[in-house]
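Chain by chain, the residues:
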Amino acid sequence: MADGIVDTRTAHISAEEALALHAMGRPGKLETRISKPLTTARDLSLAYSPGVAEPCLRIQRDPTLAYDYTTRGNMVAVISNGTAVLGLGNLGALAAKPVMEGKVALFKRFADIDGIDLEISTEDVDEFVGAVRFLGASFGGINLEDIKAPECFVIEQRLRELMDIPVFHDDQHGTAIVAVAGLINACHLTGRGLHEIRLVINGAGAAGVACAELLKAMGVRPENVLLCDTAGVIYQGREKGMNQWKSGHAVRTEARTLTQALEGADVFFGLSVKGALTPEMVRRMAAKPIIFAMANPDPEITPEQARAVRPDAIIATGRSDYPNQVNNVLGFPYIFRGALDVRARTINDAMKIAAAEALAMLAREDVPDEVNTAAAGSRLKFGPEYIIPNAFDPRLISHVPPAVARAAMESGVAAKPNPDLTRYARGLSGRLNRTANALETIMERVRGEPKRVVFAEGEEEKVVRAAVAFRNAGFGTPILIGREDRVTATMASLGLTHPEGIEIHNARLSSANRAYADYLYSRLQRHGFLARDCQRMANQDRNVFAACMVAMGDADAMVTGVTRSASVCLEDIGRAIDPAPGLIPFGLTLMLGEHGGTLFVADTLIHERPTSEQLVGIAKGAAAAARHLGVEPRVALLSHSTFGNPRHPTVDNLRETVAILQRLKVDFELDGEMSPDVALDPAYRALYPFCRLTDTANVLVMPGLHAAHIATRLAPKLGGGSAFGPLLLGLRRPAQIVPLDASVSQIVDLACLAAYQALQLDSRPERARAVVQ
């Protein structure tokens, strides 16, 4: 299961990076945002005294109105006492806080659920229950986390009896739901029914017991489930190390050891420790064995070891570097989303089963391009290597919560039934930012097919740190351009030795210097450059040298911009890399909304006053990029004028652009010229019923570079959301330019995007033009 010890071998991070993230800026991972305007004295009077008295009085008369007037209906408490933190053991309540903050962040990121983390400093069950039971008025649900067994069973059961809101221990049920989803599909592929399988569960803690209970609720015969712990099989009559929860799953059997239990077994669920399952044990299992080795950070047996003795096995683990990851984030955000939206009083077996079945069915559907993260350009498709959905599949939000909500209604625990679940599912899709998901899947794809990326300003501290992070993330081989003594000195000042997998190239001393100079001279000799000019550029200009490496195939992509302005970098790159045939190079900035949704803004990098022909290319390229990131484009050409009012010569090229695109019969919606409020506000757009846009625009083509740059730099400063980019699109070979004030993370992100562009060019040459755009 994914809630285990953080292992830098599989997570591609260092301890220093993790600590830096938690400490930078405002410490921690959470903050409170105000959802209502509080600008004027009137705003304060409405939001606080005296206006706040009105909702108070209404709620006193009708407590259900708390869902209408407060945050309760979308608020979850994540509560722990720190007695079983990840796989680290009993760290105590305070040390558990970073994990609980992270859990709150996952609720928000994946299901748009607000949350508060609460750490309770007691190991006494009565004290813990007493502290939590009176919090029900504040929250729509309680997520218990990292509480050791067997106390976790008692705490959850007692709180469920005392509270009228969902109480859910994710370490138990989240793992069980996702694992069962995978098992449903594994049985489907191997021709088995749940009612006939023989299952061995190794690990009788919270997750192991929950798996046994859920599977039995779904039809697995109790006598066919053997639960094992460190003392062996839990059988009827055993006395050693028993408790009431283990006793509930004791069976009549002659098996006493894990090896004996696995004789002829169809399924192994591992929730224990590394090495608990040996190849010899796997040999004893039935044909086409199903092995879920979910221990973290190292599974009970690796897929390589299992397949060496049983090539017919279907295998899942808790690790992201193997197929079929059993990841709790596939479960808890969406289960609570469905439960909250129908005001469920509890999360019962019917809702858990519905979630597991919805996950299983989603894995069988065709995987959209933006989710496809398989290596070597192969598509993910339902089969032994893909029985569990990808955690970043944007369809999870529209598939799992409606299933959970339906089960809550049908089982009678929903206080606010929803009569139109189809409409509900459509509404859920808009709560999350599909583009953010697509960017993450791009990163996963690059990890599967790493590239060589040149970091042109290799002596800069931020660039060195970014190169190390790029390497640690598994994106490929970073190539630092600079003097080796300077680069190594920078590394030493950061406490780094020269890490493996990072190259340092000195442009002046490079053996490729002559070839690069000749290449430049062949391109520039009729543009005012002498041979010695080209030699000097190859020797001294790191941007030009890096661009030559990419152009001549010695590297796959490049990133620059920390020490030079974008205009200078563009000129340097252009010495060696041409625009892709038939395309217009331009900059695309992604404005990622705080509450979901993305705006694609172009051109934010190159064309100061683009012509209508250039605007046509920019609009087509921006639309193609949006579609590649999973967003159906609706393009608005922005201006101070809206459909001729006021009429001004500066908008003529915009009107001509629209006319050209209409004649070309492009396959996306577009219209213009229009002001931003018409493009983004349905109320304003309703004043123009002839407008061709059927919904709010998501691709904004700006009239000039000044407006584009100001808008994309100003908007994040005014509150909410963030900007990603500008991305440099339309070149023959990948190059990206970061802002002068770029953070290490921004440099890594754009380097990863450049690597992805190279991957697309290499793996699908027939689509190179569309991919670069």
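Because the structure is a prediction, the values reported are computed rather than measured.

Cut-offs applied
- Residues numbered from 1 in each chain as written.
- Predicted model: local features only at pLDDT ≥ 70, side-chain atom pairs only at ≥ 80, totals over all residues.
- Heavy atoms only, no water.
- Helix = DSSP H or I, 4+ residues; strand = E, 2+ residues; numbered from the N terminus.
- Rg over C-alpha atoms; globule rule 2.2 N^0.38 Å.
- Buried < 20%, exposed > 50% of the residue type's maximum accessible area, 1.4 Å probe, protein only.
- Areas by Shrake-Rupley, 256 points an atom, 1.4 Å probe, with all protein chains shown as cover.
- Lys, Arg positive; Asp, Glu negative; His and termini not counted.
- Charge placed at Lys NZ, Arg CZ, Asp CG, Glu CD.
- Polar contact = N/O pair within 3.5 Å; in protein donor to acceptor, adjacent residues only side chain to side chain.
- Contact = heavy atoms within 4.5 Å.
- Pairing = 2+ DSSP bridges.
- Axes fitted to C-alpha atoms, helices over the stretch in contact; angles between N-to-C directions.
- Right-handed = clockwise from strand over helix to strand, strands pointing away.
- Core = buried A, V, L, I, M, F, W, Y, C linked by side-chain atoms within 4.5 Å.
- Salt bridge = Lys/Arg side-chain N within 4 Å of Asp/Glu carboxyl O.
- Phe/Tyr/Trp six-rings, centres within 6.5 Å; stacked < 30°, edge-to-face > 60°.

Caption draft 1: Region of interest: the overall build of the chain. Of regular secondary structure, the chain possesses 32 helices and 21 strands. For 773 residues, the compact-globule estimate of 2.2 N^0.38 gives 28 Å, and the C-alpha radius of gyration of the chain, at 29 Å, lies within 12% of that figure. Judged by the C-alpha coordinates and their principal axes, the chain covers about 95 × 70 × 50 Å. When burial is assessed residue by residue, the chain has 53% of its 773 residues classed as buried. Carbon and sulfur atoms make up 53% of the accessible area of the chain, which totals about 33200 Å². Side chains of the chain give 82 positive and 88 negative charges; the mean places of these two sets differ by 3 Å.

Caption draft 2: How the structure looks around the side chain of Asp-541. Along the polypeptide, Asp-541 turns up in the loop between helix 23 (531-540) and helix 24 (542-551). For Asp-541, a relative accessible area of 15% gives the class buried. There is a polar contact of 3.2 Å between the side chain of Asp-541 and the side chain of Arg-564. Those residues in contact with Asp-541 that lie beyond four places of it in its chain are Arg-536, Arg-564 and Asp-572.

Caption draft 3: Quick look at the sheet that holds strand 6 (residues 225-229). Across the sheet, six strands lie side by side as 7-6-5-8-9-10; this open sheet has mixed pairing. Since the sheet does not close on itself, it has two edges, and those belong to strand 7 (232-233) and strand 10 (314-317), each with one partner. Packing against the sheet, helix 9 (residues 170-190) makes contact with strand 8 (267-270), strand 9 (290-293) and strand 10, and its axis sits at approximately 160° to strand 9.

Caption draft 4: Structural view of the pairing of strand 18 (residues 669-674). Counting buried residues along strand 18, five of its six residues qualify, which places the element largely inside the surrounding structure. With helix 27 (residues 652-664) bridging strand 17 (residues 634-638) and the parallel strand 18, this β-α-β connection has right-handed handedness.

Caption draft 5: Layout of the nonpolar core. With 103 residues, the main nonpolar core has Ile-142, Leu-144, Leu-183, Ile-201, Phe-269, Phe-292 and Met-351 as its most contacted residues. Take this core: its biggest share by element is ten residues, from helix 9. Residues within four places of Phe-269 in sequence aside, it is in contact with Ala-179, Leu-183, Leu-199, Val-200, Ile-201, Asn-202, Cys-211, Leu-215, Phe-292 and Met-294. Core analysis: the next-biggest nonpolar cluster, separate from the first, contains 65 residues, Leu-637, Val-651, Val-658 and Leu-729 among them.

Caption draft 6: Broad picture of unusual backbone geometry. For the peptide bond that leads from Gly-672 to Glu-673, omega is -5°, which places it in the cis range. Locating Glu-673 in the fold gives a position in strand 18. Here Gly-725 and Pro-726 are connected by a cis peptide whose omega angle stands at 5°. Within the secondary structure, Pro-726 sits in strand 20 (residues 722-729). The backbone of Arg-343 sits at a positive phi, close to 55°, despite the residue not being glycine. Inspection of the secondary structure puts Arg-343 in the loop between helix 15 (332-341) and helix 16 (349-364). Unusually for a residue other than glycine, Lys-665 sits at a positive phi of about 55°.

Caption draft 7: Layout of the pairing of strand 12 (residues 476-481). Most of strand 12 sits out of view: five of its six residues are buried. Sheet topology note: the strand 11 (residues 451-455)/strand 12 ladder contains five bridges and is parallel. Its bridge partner lying in strand 12, Arg-452 is registered against Thr-477. The parallel pair strand 11 and strand 12 is bridged by helix 20 (residues 461-472), and the resulting crossover is right-handed. Strand direction decides the pairing type here: strand 12 and strand 13 (residues 503-505), joined by three bridges, are parallel. Across the sheet, Ile-479 pairs through a bridge with Glu-503, a residue of strand 13.

Caption draft 8: Molecular detail of the pattern of salt bridges. Overall, the coordinates contain 41 salt bridges when judged by the stated rule. For Arg-564, the salt bridge is made with Asp-541, and the minimal N-O distance between the two is 3.2 Å. Linking Arg-564 in the loop between strand 14 (557-560) and helix 25 (566-574) with Asp-541 in the loop between helix 23 and helix 24, this pair joins segments that are 23 residues apart in sequence. Given the relative accessible area of 27%, Arg-564 is considered partly exposed. Here Arg-627 ties to Asp-667 by a salt bridge, and the two come within 3.0 Å at their closest N and O atoms. Note that Arg-627 is positioned in helix 26 (residues 612-628) and Asp-667 in the loop between helix 27 and strand 18, a separation of 40 residues in sequence. Residue class for Arg-627 comes out partly exposed when judged on its relative accessible area of 29%. The network of salt bridges with shared partners includes Lys-97, Glu-101, Asp-117 and Glu-119.

Caption draft 9: View of the packing of aromatic side chains. Scanning all chains against the criterion turns up twelve aromatic pairs. Taking 5.4 Å as the distance between ring centres and 80° as the angle between the ring planes, the aromatic pair formed by Phe-107 and Phe-336 counts as edge-to-face. Of this pair, Phe-107 sits in helix 6 (residues 97-111) while Phe-336 is found in helix 15, placing the two residues 229 residues apart along the sequence. Ring centres of Phe-153 and Trp-245 lie 5.2 Å apart, and the angle between their planes is 25°; this geometry places the pair in the stacked category. Within this pair, whereas Phe-153 is found in helix 8 (residues 151-162), its partner Trp-245 is found in helix 11 (residues 244-247), the two being separated by 92 residues in sequence. We classify Phe-153 as buried; its relative accessible area is 9%.

Coordinates in, geometry out; function isn't part of it.
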